Amino acid sequence: MSGREVFYQGNEAVAEAALYAGCRFFAGYPITPSTEVAEFLSRRLPMIGGSFIQMEDEISAMAAVIGASLVGKKSLTATSGPGYSLKMENMGFACMTEVPCVVVNVMRGGPSTGLPTGPSQADVMQARWGTHGDHPAIALAPSSVQEIFTETVRAFNLSERLRTPVSLLTDEIIGHMREKITIPEAGELEIWDRPRPVVPPEDYRPYDTSAGIIPPMADFGMGYRWHVTGLNHDQTGFPTNKPELVQPEEERLLAKITSNLSIIEKYEDIRREGARVGMISYGSSARSCKSALSEALSEGISVDFLRPVTLWPFPERAAREMADRVDVIIVPEMNLGQMILEVERCAGGRAEVVGVNRADGEPITPAQILQRIREVA
């Protein structure tokens, strides 16, 4: 990758990548450990004709992001812990109304106020099921500052292309660590924009799927009349309770994701000859895993490793393939056992699944992981 080299904090990389992807609106509320995203964009957005608003709370920040997206601006908010919880109702609204937006959650200890300055990975299930009802969910979990940059760009691309909110899950460790990264040249990374209508305003139907599963989206204020509601709606956007319309609409929202797994799923899959132990981890915990893998290999223990970059949808096929190859799968994560449940579901009893868990505000160390590898090898 060519471009400008910088020494960036993870939160700064989020903000820089958002600008690269075309983000021109940010609304948020200061909260540790995500505040640097807002600080960075409060300086940079006005320089390029964008808008930054510090809202009165997290609920209104999410609402403002949806409003800005409706008038055609790529929009971002960043938060942590209880702030992510407060955004959930409006994230559900964005799912139903199919409004593109990106939500960054720099995870910290919880529940409630918890450990504001300590890392955690305990929001991964919330990212999938935090808002009520059947709804699509895309959540990405980078494990380095460089990957934070590329995955933030990808979050915007997926959100725009599929007309859905996308969560970027980092944590206090990656959000605050500094690494040398490369800011790509303009045009080096592909940038996607939402589908646009090709019919005149008088013929526009905001949820008309006759041309494809993802309806074109017009900007508010550009002469296209359309209605936005959190209620189930017909192709005009106005509410309906007709079962023959509601069921297909609900199924289509999920199908936008399930029919596009080829562009959504992303993972790192390391396979070693003869390995009988596998490991699945994500985010900052995956960094400790890689160190432990090297140590285990020096002791003659081969370990397969799967690192989901896309947490939702979960890479089921890759996890099942690992369960077919190994006897035991280790799942290190900074919580008391969340993604391990998804691994167990995919393993289906074909491999034993064990965790390495920590929820005290400290990272899982390579030594802890190596000890578990020794125990099961």
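Cut-offs used in this document
- Residues numbered from 1 in each chain as written.
- Predicted model: local features only at pLDDT ≥ 70, side-chain atom pairs only at ≥ 80, totals over all residues.
- Heavy atoms only, no water.
- Domains from an automatic or database assignment.
- Contact = heavy atoms within 4.5 Å.
- Buried area = accessible area lost by both parts, 1.4 Å probe.
- Salt bridge = Lys/Arg side-chain N within 4 Å of Asp/Glu carboxyl O.
- Polar contact = N/O pair within 3.5 Å; in protein donor to acceptor, adjacent residues only side chain to side chain.
- Helix = DSSP H or I, 4+ residues; strand = E, 2+ residues; numbered from the N terminus.
- Nonpolar A, V, L, I, M, F, W, Y, C, P; charged D, E, K, R; others polar.
- Axes fitted to C-alpha atoms, helices over the stretch in contact; angles between N-to-C directions.
- Left-handed = near helix turned anticlockwise from the far one by under 90°.
- Phe/Tyr/Trp six-rings, centres within 6.5 Å; stacked < 30°, edge-to-face > 60°.
- Buried < 20%, exposed > 50% of the residue type's maximum accessible area, 1.4 Å probe, protein only.
- Lys NZ or Arg CZ within 6 Å of the ring centre and 35° of its normal.
- Core = buried A, V, L, I, M, F, W, Y, C linked by side-chain atoms within 4.5 Å.
- Arc of directions from axis to C-beta.
- Disulfide = S-S within 2.5 Å.
- Pairing = 2+ DSSP bridges.
- Right-handed = clockwise from strand over helix to strand, strands pointing away.

Chemist: Summarise the domain arrangement of the protein; cite the residues concerned and give the values.
Modeler: If you check the domain split of the protein, you get domain 1 (3–184) and domain 2 (269–376). Relative placement of domain 1 and domain 2: their C-alpha centres are 27 Å apart. Listed as interface residues are 28 residues of domain 1 and, on the opposing side, 20 residues of domain 2. In this assembly, domain 1 packs against domain 2 so that about 2000 Å² is buried in total across both faces, 56% of it on carbon and sulfur atoms. Linking domain 1 to domain 2 there are two salt bridges. One salt bridge connects Glu179 with Arg287, and the closest N-O pair in it is separated by 2.6 Å. The interface formed by domain 1 and domain 2 includes 17 residue pairs in polar contact (both at pLDDT 80 or more). Elements supplying a minimum of two residues to the side of domain 1 that touches domain 2: strand E6 (115–119), helix H5 (124–129), strand E7 (138–140), helix H6 (145–162), strand E8 (165–171) and helix H7 (172–176). Of the residues in the side of domain 1 that touches domain 2, the class split is 16 nonpolar, five polar and seven charged.

Chemist: Tell me about the packing of helix H3 (residues 58–70) against helix H4 (residues 82–97), and please be specific about residues and values.
Modeler: Interhelical geometry of H3 versus H4 gives an angle of 30° and a closest axis separation of 8 Å. Between H3 and H4 the crossing geometry is right-handed. On H4, the residues that touch Glu58, Ile59, Ala61, Met62, Ala63 and Ile66 of H3 are Gly83, Leu86, Lys87, Asn90, Met91, Phe93 and Ala94. Of the residues that constitute the contact of H3 with H4, the class distribution is nine nonpolar, two polar and two charged.

Chemist: I'd like to hear about the packing of aromatic side chains, residue by residue, with values.
Modeler: Within this structure, the stated rule accounts for seven aromatic pairs. Summarising the aromatic geometry, the rings of Tyr204 and Trp226 are spaced 6.5 Å apart at their centres and angled 90° between planes, so their arrangement reads as edge-to-face. Of this pair, Tyr204 sits in the loop between strand E9 (178–184) and helix H8 (243–258) while Trp226 sits in the loop between E9 and H8, and the two are 22 residues apart along the sequence. Residue classification places Trp226 among the buried positions, given a relative accessible area of 10%. Members of the aromatic cluster, each reached through a chain of ring pairs, are Tyr204, Tyr207, Phe220, Tyr224 and Trp226. Above the plane of the ring of Trp129 lies Arg128, whose end atom (NZ or CZ) is 3.9 Å from the centre. For the cation-ring pair, Arg161 lies above Trp192, with the distance from its terminal atom to the ring centre recorded as 3.6 Å.

Chemist: Please set out the nonpolar core residue by residue, giving values where relevant.
Modeler: Counting residues in hydrophobic clusters, the biggest one holds 62 residues, and the most contacted among them are Leu41, Leu76, Met279 and Ile373. When residues of this core are assigned to domains, at least three fall in each of domain 1 (3–184) and domain 2 (269–376). What Leu41 contacts, discounting residues up to four positions off in sequence, is Ala15, Leu19, Phe26, Pro46, Phe52 and Leu76. Formed by 48 residues, the second largest nonpolar core is a distinct cluster that contains Ala27, Val99, Trp226 and Phe314.

Chemist: Give a description of helix H13 (residues 366–376) that names residues and reports values.
Modeler: Every buried residue of H13 is listed here: Ile369, Leu370 and Ile373. Looking down the long axis of H13, one finds its buried residues gathered within 100° of arc, a one-sided arrangement. Buried residues along H13 sit against strand E11 (277–280), helix H10 (283–298), strand E12 (303–308) and strand E14 (328–333).

Chemist: Give me the lowdown on unusual backbone geometry, citing residues and values where you can.
Modeler: Gly110 connects to Pro111 through a cis peptide bond whose omega is 5°. By the element assignment, Pro111 lies in the loop between strand E5 (101–109) and E6. The residue after Trp312, namely Pro313, is reached through a cis peptide bond having omega -5°. Position of Pro313 relative to the elements: it lies in the loop between strand E13 (310–312) and helix H11 (316–325). For Glu98, which is not glycine, the phi torsion reads 60° and is therefore positive. With respect to the helices and strands, the residue Glu98 is situated in the loop between H4 and E5. For Glu98, a relative accessible area of 0% corresponds to the buried category. Positive phi is not limited to glycine here, since Ser112 has a value of about 55°.

Chemist: Go over the state of the cysteines, please, and point to the residues and values.
Modeler: Put plainly, two cysteines are in a disulfide when a covalent bond ties their sulfur atoms together. For the structure on display, the rule yields zero disulfides. Cysteine Cys23 is unpaired, with the sulfur of Cys101 as its nearest cysteine sulfur at 11 Å. Note on Cys23: relative accessible area 0%, which makes it buried. Not part of a disulfide, Cys346 finds its nearest cysteine sulfur in Cys289, a span of 17 Å.

Chemist: Break down the pairing of E8 for me, with residues and values.
Modeler: Among the seven residues that make up E8, seven are buried, leaving the element largely enclosed by the rest of the structure. Burial along E8 is two-sided: Pro165, Ser167, Leu169 and Asp171 facing one way and Val166, Leu168 and Thr170 facing the other are all buried. For E5 and E8, the ladder comprises seven bridges, and the chain directions are parallel. Paired with Val104 across the strands is Leu168, a residue of E8. With H6 bridging E7 and the parallel E8, this β-α-β connection has right-handed handedness.

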